[in-house]
Amino acid sequence: MQYNFNEIEAKWQKYWAKNQTFKAGNNSDKEKFYVLDMFPYPSGAGLHVGHPLGYIASDIYARYKRHKGFNVLHPMGYDSFGLPAEQYAIQTGQHPAITTETNIKRYREQLDKIGFSFDWSREVRTSNPKYYKWTQWVFIQLFNSWYNKDTDKAEDIETLIALFEKEGNAKVNAVCDDDIVEFSAADWKGFSNSEQQGILLQYRLTYLAETEVNWCPALGTVLANDEIVNGVSERGGHPVVRKKMTQWSMRITAYAQRLLDGLDKIDWPQPLKDSQTNWIGRSEGALVTFKTMVSDTVGKSYPIEVFTTRPDTIFGVSFMTLAPEHDLVPKITTPEQKAEVNAYIEATAKRSERDRMADVKTISGAFTGAYAEHPFTKEPIPVWIGDYVLAGYGTGAVMSVPCGDQRDYDFAKHFNIPIPNIFEGVDISEEAFSDKGSTIIANSDFLNGLPYKKAVKRIIFELEKMGQGEGKINYRLRDAVFSRQRYWGEPFPVYYVDGLPQMIDAEYLPITLPEVEKYLPTETGEPPLGNATVWAWDRLKAEVVKNELIDNVNVFPLELNTMPGWAGSSQYFNRYMDPGNDAAIFSQDAINYWQDVDLYIGGSEHATGHLLYSRFWQKFMFDKGYVPKDEFAKKLINQGMITGTSAFINKVVINWDHVMLDTVGSGKYSIEDQKYFLEKIIPIINGKVFVSEDMRDEEDLSSIIYNILEDEKLDINNPFLKECRFSYLKTHVDVTYVNNSDELDVEKVQNFRSDFKDAKYVYNGEFKVSREVEKMSKSKYNVVSPDEICEEYGADSLRLYEMFLGPLEQSKPWNTAGISGTHGFLKKLWRLYFDEKGAKFNDVEPTKDNLKTLHKTIKKVEEDIENFSFNTSVSTFMICVNELSSQKCTSKKILEPLAILVSPYAPHIAEELWEQLGHSESIATAPFPIYDESHLVESSKQYPISFNGKMRFMLELPLDLDKEGIEAAVMAHEKTQKQLEGRTPKKVIVVPGKIVNIVG
RNA sequence: GCUCGAGUGGUGGAAUUGGUAGACACGUUGGACUUAAAAUCCAAUGGACAUUAGUCCGUAUGGGUUCAAGUCCCAUCUCGAGUACCA
């Protein structure tokens, strides 16, 4: 009987689908286990071998847990809103839903072929209205909530309204906008409805705010920082300006501290935790208020708030710097400085944020003419603006202490501002001194003689006493912009009355994406939904109606923005628990049973996006009592990237520019020679000759070329030719035309691209290519699709091979050559059960060796799976099968448990073996074999005997021998005496069960 | 610049946490079977020296700790990832 993997795999994939083998129930006496993969964006290119790496690992773990008796939830779905489908729609007019559907189909086919144990009955798609109904629902919950710092959690907005009605907002301790105006209970009651709405918006967890964006007028769209190169758009090179836009934001900053603290509770990779920690960017310091001085031209004093981590250096302040966008700038600038300041502001507005950040060396700024008063010395301090101060961080203003901060120092040097020294015994003539731990403060009044920590305490105390400052913790994390000017995303359940946003009642969800004729922004610069003609909300009928019916009485305009990519992925893991539920995002029964994700596998690129936002939403859902856990995933693993092995061929290029220059007007060569060269020789040679890699070093390139020219019966004495320089240019060829021995299929490659067709291929025997490891990408022609491998070797071989490549978390190159190893293993495994005549297995009792091999394998494989060390367990299987083969084992008592051991890794062959062994049920829930230590007990050990740390020979000794016994046995051995050559050892180290080392 | 991670044969990678470096594969070489090929099986395979016995050198580099270091410590180099005027 042959191992016919194609037949076997198709058979079992069909069986699993038909019998719903992996469908997980929400009710079970079994313990739950939730294994989750980051769901993919279904791109048009389909899967390449890098994608399934994490899926295979999680699938092994899920299958293993089923064998271990768990009720396993292992779902899959699609993050199906996104830009590529929209871009394709813009180019072709094809509706993104159609593109998405096609791509999902292809993904599904590819995934099915690899034999994953997903519970497909739970599939979700973020672009499905039945799914995004609940994304909209969460948005409404956020809108109806505020963050109470006293209880340190999100609460219903009603509790805030109750507070306002009772006592106004003075005592409310909330996370809210900065520009809150104080009011009393009586004031509140006197406010109009829209005034009240406006105030509440300043407290809601999702709110409308003016946000600075990179606006590209020509494209009519907002660009991300990385879409801008040198201040112009990457596509088209149009100018980009920073512009304020009203957009939805999420008050994630309310959760900054809890997001930080939560990291201690979860088993996630350290680098990932580090990058979230950095991203949140907590820093402790003080908020200090400086007051501007009243002058002849500016008749009023304004407070300037600054945040500083070094309040102890306050006596070193010699100027202040505001961000150019700072609100106070126009108010405090003196008439004489107005022109200069305005010119500066205009110049900086043109630079994108990224440019500003990338260009650290150029120092620029302008003096406002205003002075602030030092809170202690009462000295005047000049107020500058400079773009090294970012509007979005802290208060957008800094107290500049040039002696203690390098940027302040450079700025002061550049503009000739004094640099007072407040550090005892420190030289600041060359650079600022920013080491806070190792100095004593001087020239600072009451802080003199104090070290950093004490000085900070003292100064905060003094500032608080005079009401000009307080200790403060600041976070780098900013509120997340939640609006996108795109079509292919979730619509907001929002309409506008008098410019104020209103939520549509949850019972009318989903608000489905309207049809539009064009997927581009409108001519007036509105988002694509501005093209929709049926996009207004009728409050009476509670439905979406035609725009022309808008009367702002009962029918109102709907929001034109859509939600960002991360909206749909921030609660999908919970939705999987009860995906068909139309009455709730998930039932409480379902969430209470499944609780949270036990194992989450995905790429590290989501560290500060998806993984941070999801934690934020989860904490919010927790506060509101919808979920029982405030962290959604207990353990997370980042799988490494699979790189591709690109193939290159040596293309011959001729460099003749220098010859041409030489000839212009020199009369050195005849026109005929030149013509002959350009018309006859160049077209034959330049870019038209490919040389095998093995000849590259061995053969002289010019003789290769001369040979070709002779074959073509061309004149090799052309004087131009003589002067030419020839060189090789490495050119990508598609890896599918190259075999495992780096040999190119020349015939096939000629049809690859037109310029390869009539080219000449120079080689001896086989055409060799060179190889290089690069990122797997279509443009590098090194993409390997799993389909062909499944076809040629089978899914089980692919699964084993992907795991065999190396540790899961490490990035590693793909090289198809090695797959014959795991494929060979499967064939060998098969031959353990079958030969040409059929089944070999029988009921004989296993031998001692058989049992030893089996149980050592059980032990190792179990340990490996628990440690996510899948590569080593594949080796273990190989060793096991090698041993059982040479033992000629045929005992069912060995071969049955072996099939279960292999099953998580190579499920198709395992199912087939299981059935052939006489079972009628799927192997999927067969209990995992139990390791029995007694089979591994040894009575003796091969001791390595070392001399001065170098192993010289092995000696078999009983394991129950004690130290003295071992030493005596070793010393008595003839090889020991030979090594010692009569010397007496200084010392003999004996570690029973491990090693013997003789010193001397 | 800062933070984190990694450097082991021709290649992917093992190494029980300080105790036989190179498991298991790929590749290469030789052999068996075959008319032949495929498939399969057997043997060799870190380097140098040596007829054998064996010796020496070897885990990026240089030091150190130890009876013993791929593993621990210090310094340096290289590569990769993330992040970047964060006051």
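Chain A has the name Leucine--tRNA ligase in an unreviewed UniProt entry, where Maribacter luteus is given as its organism. Listed under Subcellular location (unreviewed entry) in UniProt, the entry text for chain A is "Cytoplasm". You can read under Catalytic activity (unreviewed entry) in the UniProt record for chain A the words "tRNA(Leu) + L-leucine + ATP = L-leucyl-tRNA(Leu) + AMP + diphosphate".

### Side note on the sheet that holds strand β23 (residues 555–557)
As summarised here, the arrangement of the three strands in space is β22-β21-β23, forming an open sheet in which the pairing is antiparallel. Whereas interior strands pair on both sides, the edge strands pair on one side only; in this sheet they are β22 (543–545) and β23. The mean angle between the axes of side-by-side strands here comes to 40°, regardless of whether they run parallel or antiparallel. Here three bridges tie strand β21 (residues 536–538) to β23, and the two strands are oriented antiparallel to one another. What sits directly across from Ala536, in β23, is Pro557.

### Here's the deal with empty space enclosed by the protein
Scanning the model with the defined rule gives two cavities of 30 Å³ or more in all. Lining the largest cavity are Tyr131, Trp134, Thr135, Val138, Ala567, Gly568, Ser570, Gln571, Tyr572, Arg575, Ile585 and Trp617. Only α5 (129–143) and α16 (572–575) provide two or more residues apiece to the lining of the largest cavity. Considering every element that reaches the lining of the largest cavity, the biggest residue donor is α5, with four residues. Looking at the lining of the largest cavity residue by residue, the class counts come to seven nonpolar, four polar and one charged. Its volume calculated, the second largest cavity comes out at about 40 Å³. Leu53, Glu802, Met803, Gly806, Pro807, Leu808, Lys812, Phe868, Ser869, Phe870 and Asn871 are the residues that line the second largest cavity. Counting only elements with at least two residues in the lining of the second largest cavity, the list comes to α27 (795–804) and α30 (870–887).

### Concerning a positive patch on the surface
Among the surface-exposed residues, Lys827, Arg831, Lys840 and Lys888 lie close enough to one another that they form a single positively charged patch. Within the secondary structure, Lys827 sits in helix α28 (residues 819–833).

### A few points about a nonpolar patch on the surface
Where nonpolar side chains cluster on the molecular surface, the patch consists of Ile989, Val991 and Ile995 and spans about 190 Å² of accessible area. Structurally, Val991 can be placed in strand β38 (residues 987–991). With a relative accessible area of 35%, Val991 lands in the partly exposed category.

### So, the environment of Asp755
Following the sequence through the fold, Asp755 ends up in helix α25 (residues 754–757). Residue classification places Asp755 among the partly exposed residues on the basis of a relative accessible area of 26%. Each C-alpha atom, one on Asp755 and one on Lys768, is 19 Å from the other, the two residues being 13 residues apart in sequence.

### Comments concerning the pattern of salt bridges
If you walk through the whole model with that rule in mind, you get 37 salt bridges. One salt bridge connects Asp59 with Arg63, and the closest N-O pair in it is separated by 2.9 Å. Residue Asp59 and its partner Arg63 are both found in helix α2 (residues 52–67); the two are separated by four residues, about one turn of the helix. Considered together, Asp59 and Arg63 belong to a single accessibility category, that of buried residues. Ionic pairing is found between Asp864 and Lys860, a salt bridge with its closest N-O pair at 3.1 Å.

### Some thoughts on the sheet that holds strand β10 (residues 241–250)
One open sheet holds the four strands; their spatial order is β7-β6-β10-β18, and the pairing between them is antiparallel. Looking at strand neighbours, the two that pair on one side only are β7 (221–223) and β18 (480–481), the edges of this open sheet. Strand direction decides the pairing type here: strand β6 (residues 206–216) and β7, joined by three bridges, are antiparallel. Note on β7: the bridge partner recorded for Asn214 is Leu223.

### A look at helix α14 (residues 406–414)
Every buried residue belonging to α14 is among Asp408, Tyr409, Phe411 and Ala412, and all of these are buried. Down the axis of α14, the buried set is contained in an arc of 165°. They therefore lie on one face. After α14 finishes, the residue Asn416 shows a positive phi value of roughly 55°.

### Considerations on the domain arrangement of chain A
Segmentation of chain A into domains returns domain 1 (282–475), domain 2 (651–775) and domain 3 (940–999). Look at where the C-alpha atoms of domain 1 and domain 3 centre, and you get two points 72 Å apart.

### Remarks on a negative patch on the surface
A cluster of acidic residues, Asp178, Asp179, Glu305, Asp327, Glu464 and Glu470, forms a negative patch at the surface. Tracing the backbone shows Asp179 in the loop between β5 (174–175) and α7 (185–190). Among the residues examined, Asp179 registers a relative accessible area of 54% and is labelled exposed.

The rules behind these values
Residues numbered from 1 in each chain as written. Chains lettered and ligands numbered in written order. Predicted model: local features only at pLDDT ≥ 70, side-chain atom pairs only at ≥ 80, totals over all residues. Heavy atoms only, no water. UniProt positions renumbered as here; feature names shortened; annotations may be inferred. Pairing = 2+ DSSP bridges. Helix = DSSP H or I, 4+ residues; strand = E, 2+ residues; numbered from the N terminus. Axes fitted to C-alpha atoms, helices over the stretch in contact; angles between N-to-C directions. 1 Å grid on protein atoms, 1.4 Å probe; cavity = no way out; pocket = protein on both sides within 12 Å on 5 of 7 lines; lining within 4 Å. Points joined across faces, edges and corners; volume = space filled by probe spheres on them. Nonpolar A, V, L, I, M, F, W, Y, C, P; charged D, E, K, R; others polar. Patch = residues over 30% accessible without salt bridge, like charges linked within 9 Å, V, L, I, M, F, W, Y side chains within 5 Å. Areas by Shrake-Rupley, 256 points an atom, 1.4 Å probe, with all protein chains shown as cover. Salt bridge = Lys/Arg side-chain N within 4 Å of Asp/Glu carboxyl O. Lys, Arg positive; Asp, Glu negative; His and termini not counted. Charge placed at Lys NZ, Arg CZ, Asp CG, Glu CD. Buried < 20%, exposed > 50% of the residue type's maximum accessible area, 1.4 Å probe, protein only. Arc of directions from axis to C-beta. Domains from an automatic or database assignment.

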